[in-house]
Each structure stands twice: as C-alpha cells, then as structure tokens.
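Residues per chain, in single letters:
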Amino acid sequence: MTTTSSLRELDRAHLWHPYTQHGLAPEALPVVSGKGALLELEDGRTLVDAISSWWVTLHGHAEPAIARAIAEQAQRLEQVIFAGFTHAPAAELAEGLVAAAPRGLTRLFLSDNGSTAVEVALKMALQFHQHRGEKRTVVATLEGAYHGDTFGAMSVSGRGVFTAPFEPLLFEVARLPEPVDGDVLGAFDRLLDARKGEVAALIVEPLLQAAGGMRMWRSELLGALSDRARTAGVLLIADEVATGFGRTGPLWACDHSAVTPDLLCLSKGITGGFLPLGATLATERIFEAFRSEDRLRTFFHGHSYTGNPLACAAAVASLELLKAPACMAARDRIEAQHQRALDRLSASPHVRNPRVMGTVAALDLDAGQGYLARVGTELARHARERGVLLRPLGNVVYIMPPYGITEAQLQQAWDAVGSFVEQLP
Ligand SMILES: Cc1ncc(COP(=O)(O)O)c(C=O)c1O
C-alpha cells in the first residue's frame with residue numbers, strides 16, 4: 001500500500017498532470033474515495049466537486065449502479081477486438097443511444113474520449129463527400145470554440161493559448177464569428193456564396209461554448225444554421241461532448257432547437273464519469289455512403305479500445321439512471337438553485353453576465369480577462385479552503401455539478417463563490 005508521503009513523492013518525481021504548469025501549481029491533492037458530489041482526501045477533508053471532475057461525473061462519484069455494472073461485466077468479458085466482433089454492452093448502448101438521440105441518428109461509432117469523437121466526425125464528414133464525388137474539404141467552425149486537444153480537434157477550435165505552439169501545423173478552417181454577439185448567419189451565408197460546393201461541414205458546440213468561457217447562445221441561431229447547412233449540402237456536426245446527457249436541461253442541447261445534426265459527438269458524462277468513452281452518432285445516409293463492396297470506401301479509423309465492454313456497460317447503466325424521472329427533477333432543482341444564487345450575486349459590481357442553462361451556471365468576474373487571468377487560480381484556492389472544488393476558466397466562474405449533489409452541497413459551492421466575490425477590492 002502506498003503511504004501518503006510516498007504517494008506525494010512519487011507524484012512529484014514522476015507524474016505530469018494535464019493542463020498543469022508544474023512550476024506554479026500547488027501539489028496535487030491525493031484523493032482516496034468519492035461518494036455523490038463529495039471527494040474524500042487522504043487527510044480526511046472532503047471537497048464538494050462542483051465541476052463534476054471536468055464535467056464527467058454525471059450522477060455522482062462511485063454511483064453504485066454503474067460500479068455494479070462494470071464489476072459484473074469485468075467478470076464476463078473485459079475487452080475484445082471490435083473489428084469483426086461485437087458484444088451485448090455495445091449493442092445495448094447503441095440501441096439506447098439511438099433511441100435517446102435526436103431522431104435520425106441511427107449509427108454509433110465508438111472511440112475513447114471527446115477529442116476522438118470529434119476526429120471521427122470530421123473524418124467521416126470529409127470522406128462522406130469524397131465518396132459522393134464532391135470536392136468539399138472546408139470545415140466551418142465558430143470563433144471561441146473548443147473541440148479537444150488532438151490535431152484535428154485543435155484545428156477546428158478557436159485559436160488561443162492552448163493551440164498557439166502548434167499553430168503552423170493546424171489545418172485551415174473557415175472561421176465564423178463567435179455565436180453570442182457575432183453575425184454568424186451573415187458570415188455563413190457569405191462563406192457559402194464565396195466557396196460554393198467547397199464547404200464539407202459546420203461544427204458547433206450547440207448553445208454552450210464550454211471551455212471557451214461558458215458562452216451561452218440562442219437556440220434560434222442553431223436552428224437557422226442547421227437549415228442553412230442542410231440547404232447547402234453541408235453536414236452539421238454537433239459536438240455535445242460537454243452539453244450531452246442533460247447538462248443544459250433536456251437530454252441534448254440540440255433539443256432546445258429541435259435540430260437533428262448529421263453527426264453528434266458525445267463523451268464526458270456518457271459513462272457517468274467512470275470510464276473513458278467517445279461516441280460519434282451518424283445518420284444512415286452517412287453510413288450508407290461508406291457501405292460498399294469496395295474496400296477503399298472503408299472508414300479506416302479505430303482505436304485499440306474501441307467498443308470496450310466495460311465502458312459500454314457503464315454507459316448503459318448511466319443511460320438507465322438518466323431516464324429516471326428523479327434525474328430530471330434533480331436537474332430542475334439544480335437549475336432553480338443556480339438561478340437564485342446568481343440573482344443574489346448579480347448585485348455585486350464585480351459580477352458580469354450571470355447566466356444559467358440547465359445544470360450549468362456561469363458568471364464573469366471583472367478582474368482580468370482570459371484563461372490565464374490570475375483571479376481564477378485565486379478563486380480555486382479560496383474555494384478549496386472552504387471544501388469546494390472549482391476550476392474557473394480564468395475570470396469565468398462556473399458551477400456544473402453532478403446531478404446527485406444535495407442542496408446543502410450546492411449552497412456550499414455558491415457560498416464559496418459569494419465570499420470570494422465579496423472580498424474583491
Ligand atoms: C465540447 C468539447 N468537445 C471536445 C472536448 C474534448 O474532450 P476530451 O477532453 O475528452 O478529449 C471537450 C473537452 O472539454 C469539450 O468540452
């Protein structure tokens with residue numbers, strides 16, 4: 001058994017943490033267990049996980065139904081090559097997701113995470129047009145987007161500190177303005193005019209640009225973009241890696257606009273936060289453009305763990321929990337509590353643009369700007385000292401809790417934000 005001091009030493013000596021500047025960051029906190037919205041640290045302290053551990057913990061930590069499903073599956077079949085073989089957890093997941101997804105998305109391709117779900121969608125879209133003999137190679141994307149950290153996903157993301165070191169190597173995309181205030185429709189129309197027949201796909205984070213700053217945008221715009229794309233033969237890729245599985249209220253952010261995209265990217269909450277899994281749903285029309293007796297028309301993409309039975313079993317169990325009326329009620333309760341907290345906080349001169357969409361609440365602090373604004377790390381520390389895990393995006397503060405969070409725990413999170421805002425100069 002690793003002791004606490006040796007754990008810390010080993011971490012310091014050998015681990016390289018994500019999105020962490022090791023020259024500045026405080027030591028990583030050893031976590032020993034989790035239950036519901038709570039994380040228990042090795043020194044006995046607890047933290048309310050107000051960000052669902054990077055938005056993945058959907059119901060709660062160590063959710064028993066999901067833990068059981070994984071344990072049972074692990075004793076039957078842990079992994080099998082998914083080319084040429086199939087298994088019940090994948091088939092059940094496909095059935096469940098197709099039934100729950102916007103109508104018309106009938107094919108499920110599995111991968112490992114949000115970035116790969118996006119890569120798969122981009123490659124499917126580009127190859128789809130090739131198979132149809134169309135020279136469409138341009139991907140349109142929105143300013144301020146974040147679609148992941150692999151090269152394709154970075155290429156279609158907004159340019160900024162995350163992508164700067166790789167700038168020369170990212171492929172060119174057509175950039176439309178950011179969707180909150182920008183004239184996206186006008187720009188899309190001009191693009192479709194100027195590059196007629198060249199645009200392959202439009203990729204968006206429906207209604208919520210998450211990592212880009214929790215920017216919430218209008219459902220009418222998504223509807224209009226979807227109509228324009230359809231008319232122009234452009235595939236719509238909805239990246240619901242962050243917004244899927246009820247985060248914004250309904251099951252999918254696309255539901256706010258009654259839009260069915262051509263490709264839907266899912267990950268994060270898909271397994272309830274237990275295991276890595278990416279999913280790309282496609283329409284039958286896209287699938288049919290690949291089905292052929294010609295091997296060259298194969299979708300040459302896969303990962304060693306594609307279709308991992310444990311991850312699929314977790315996802316099936318999570319989907320079951322999502323269907324329970326109690327889950328919808330919990331999301332409504334969280335939204336109402338977010339709204340009350342923001343109503344109080346918005347009286348502060350330091351708080352700008354308070355906003356809520358389902359279980360996601362955010363505000364901007366008028367202290368510094370952008371992802372590197374110091375105020376974010378200061379608030380994270382302040383919250384940690386009050387038993388709350390927050391990870392602001394620079395000056396953008398948000399709360400996105402597991403649905404199983406109690407009212408008192410959510411209040412504790414908002415109190416931590418409130419006491420920080422109060423002491424701002
Ligand atoms: C909308 C969106 N797409 C893709 C990703 C990438 O997901 P992952 O970190 O699992 O690769 C993220 C991650 O935050 C995301 O928010």
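What you see as residue numbers is a count from 1 along each chain, following the sequence as written. The predicted origin of the model limits local features to residues at a pLDDT of at least 70 and limits the giving and counting of side-chain atom pairs to 80 or more, whereas totals for whole chains, interfaces and linings rest on all residues. Hydrogens and water molecules were not included; the side-chain quantities draw on all heavy atoms of the structure.

Observations concerning a nonpolar patch on the surface
- Like-charged residues are merged into a patch within 9 Å and nonpolar side chains (Val, Leu, Ile, Met, Phe, Trp, Tyr) within 5 Å, provided each residue has over 30% relative accessible area and no salt bridge. Shrake-Rupley sampling with a 1.4 Å probe provides the accessible areas, and residues are treated as covered by the protein chains on show and by no other component. Salt bridge, as used here: a side-chain nitrogen of Lys or Arg that lies within 4 Å of a carboxyl oxygen of Asp or Glu. Together, Phe151, Phe166 and Leu169 line one region of the surface with nonpolar side chains, adding up to about 300 Å² of accessible area.
- The helix and strand labels rest on DSSP assignments: H or I over at least four residues marks a helix, E over at least two residues marks a strand, and numbering proceeds from the N terminus. On the secondary structure map, Phe166 appears in the loop between helix 6 (151–155) and strand 6 (174–176).

Concerning the pairing of strand 1 (residues 31–35)
- Strands are treated as partners if at least two bridges between them are detected by DSSP. Pairing of strand 1 with strand 2 (residues 38–41) involves four bridges; the strand directions are antiparallel. What sits directly across from Gly34, in strand 2, is Leu39.
- Where strand 1 folds back on strand 2, the antiparallel hairpin that results is connected by two residues, among which Gly36 adopts a positive phi of roughly 60°.

Overview of the site of the ligand
- Whether a residue is near a molecule or strand depends on its heavy atoms: if one lies within 4 Å, it is near. What surrounds the ligand is the set Trp55, Asn113, Gly114, Ser115, Tyr146, His147, Gly148, Glu205, Asp239, Val241, Ala242 and Lys268.
- At 3.4 Å from an oxygen atom of the ligand is found a side-chain nitrogen or oxygen belonging to Asn113.
- Side-chain atoms alone can form a polar contact between residues adjacent in sequence; in general such a contact is a pair of N or O atoms within 3.5 Å, and within protein one must be able to donate a hydrogen while the other accepts it. A distance of 2.6 Å separates an oxygen atom of the ligand from a polar atom in the side chain of Ser115.
- Across the complex, the protein chains shield 84% of the 390 Å² of accessible surface that the ligand would expose by itself.

Regarding the packing of helix 12 (residues 374–385) against helix 13 (residues 407–422)
- Helix axes are fitted only over the stretch in contact, all axes being lines through C-alpha atoms; the angle between N-to-C directions runs from 0 to 180 degrees. Two elements in contact, helix 12 and helix 13, have axes whose closest approach is 9 Å; the angle formed by their N-to-C orientations is 125°. With respect to their mutual orientation, helix 12 and helix 13 come out oblique. Handedness of the helix 12/helix 13 crossing: right-handed. Counted together, Val375, Glu378, Leu379, His382 and Ala383 of helix 12 and Ala416, Val417, Ser419 and Phe420 of helix 13 form the full contact between these two elements.
- Grouping the constituent residues of the contact of helix 12 with helix 13 by class yields six nonpolar, two polar and one charged. Here roughly perpendicular refers to angles of 65 to 115 degrees, roughly parallel to angles under 35, roughly antiparallel to angles over 145, and oblique to all remaining angles. Handedness of a crossing is defined here by the sense of rotation of the near helix relative to the far one, left-handed for an anticlockwise turn of less than a right angle and right-handed for a clockwise turn. Residue contacts follow a heavy-atom distance rule, with two residues in contact if any of their heavy atoms lie within 4.5 Å. Classification used: nonpolar for Ala, Val, Leu, Ile, Met, Phe, Trp, Tyr, Cys and Pro, charged for Asp, Glu, Lys and Arg, polar for all others including Gly.

A closer look at helix 12
- Residue count minus one, scaled by 1.5 Å, sets the expected span of a helix. In a regular helix each residue adds 1.5 Å, so twelve residues correspond to 16 Å; helix 12 covers 17 Å between its end C-alpha atoms and thus fits that length.
- Taken together, the buried positions of helix 12 are Val375, Gly376, Leu379, Ala380, His382 and Ala383. Along the axis of helix 12, the buried residues cluster in a sector spanning 165°; they form a single face. Along helix 12, the residues that are exposed and aim more than 90 degrees away from the buried face are Arg374, Thr377 and Glu385.
- Against strand 14 (360–365), strand 15 (388–389), strand 16 (396–399) and helix 13 lie the buried residues of helix 12.
- Gly387 sits one or two residues past helix 12 and shows a positive phi near 75°. The buried label goes to any residue with under 20% of its type's maximum accessible area, the exposed label to any with over 50%, and the partly exposed label to all in between, with areas taken from a 1.4 Å probe on protein chains only. The arc in question is formed by the directions pointing from the helix axis toward the C-beta atoms.

Things to note about the packing of helix 4 (residues 88–100) against helix 10 (residues 309–323)
- Following both chains from N to C, one finds helix 4 and helix 10 inclined at 35°, their axes separated by 8 Å at the closest point. The interaxial crossing formed by helix 4 with helix 10 has left-handed handedness. Residue-level inspection shows Pro89, Ala90, Glu92, Leu93, Gly96 and Leu97 of helix 4 in contact with helix 10, the latter providing Pro309, Cys312, Ala313, Ala315, Val316 and Leu319.
- Residue composition of the contact of helix 4 with helix 10, by class: ten nonpolar, one polar and one charged.

Section: the sheet that holds strand 2
- As summarised here, the arrangement of the four strands in space is 1-2-3-15, forming an open sheet in which the pairing is mixed. Of all the strands in the sheet, the pair left with one neighbour each is strand 1 and strand 15.

Side note on helix 11 (residues 325–345)
- Its 21 residues give helix 11 an end-to-end C-alpha distance of 30 Å, which sits within 8% of 30 Å, the value for a rise of 1.5 Å per residue.
- For helix 11, every residue scored as buried is listed here: Cys327, Ala330, Arg331, Ile334, Gln337, His338, Ala341, Leu342 and Leu345. Along the axis of helix 11, the buried residues cluster in a sector spanning 135°; they form a single face. In helix 11, the exposed residues that point more than 90 degrees away from the buried face are Pro325 and Arg344.
- Residues of helix 11 that are buried in the fold lie against helix 10, strand 13 (351–357), strand 14, strand 16 and helix 13.

Describing the side chain of Ser226
- Turning to its location among the elements, Ser226 is positioned in helix 8 (residues 219–232).
- Look past the residues within four positions of Ser226 in its chain and what remains in contact with it is Leu236 and Val259.

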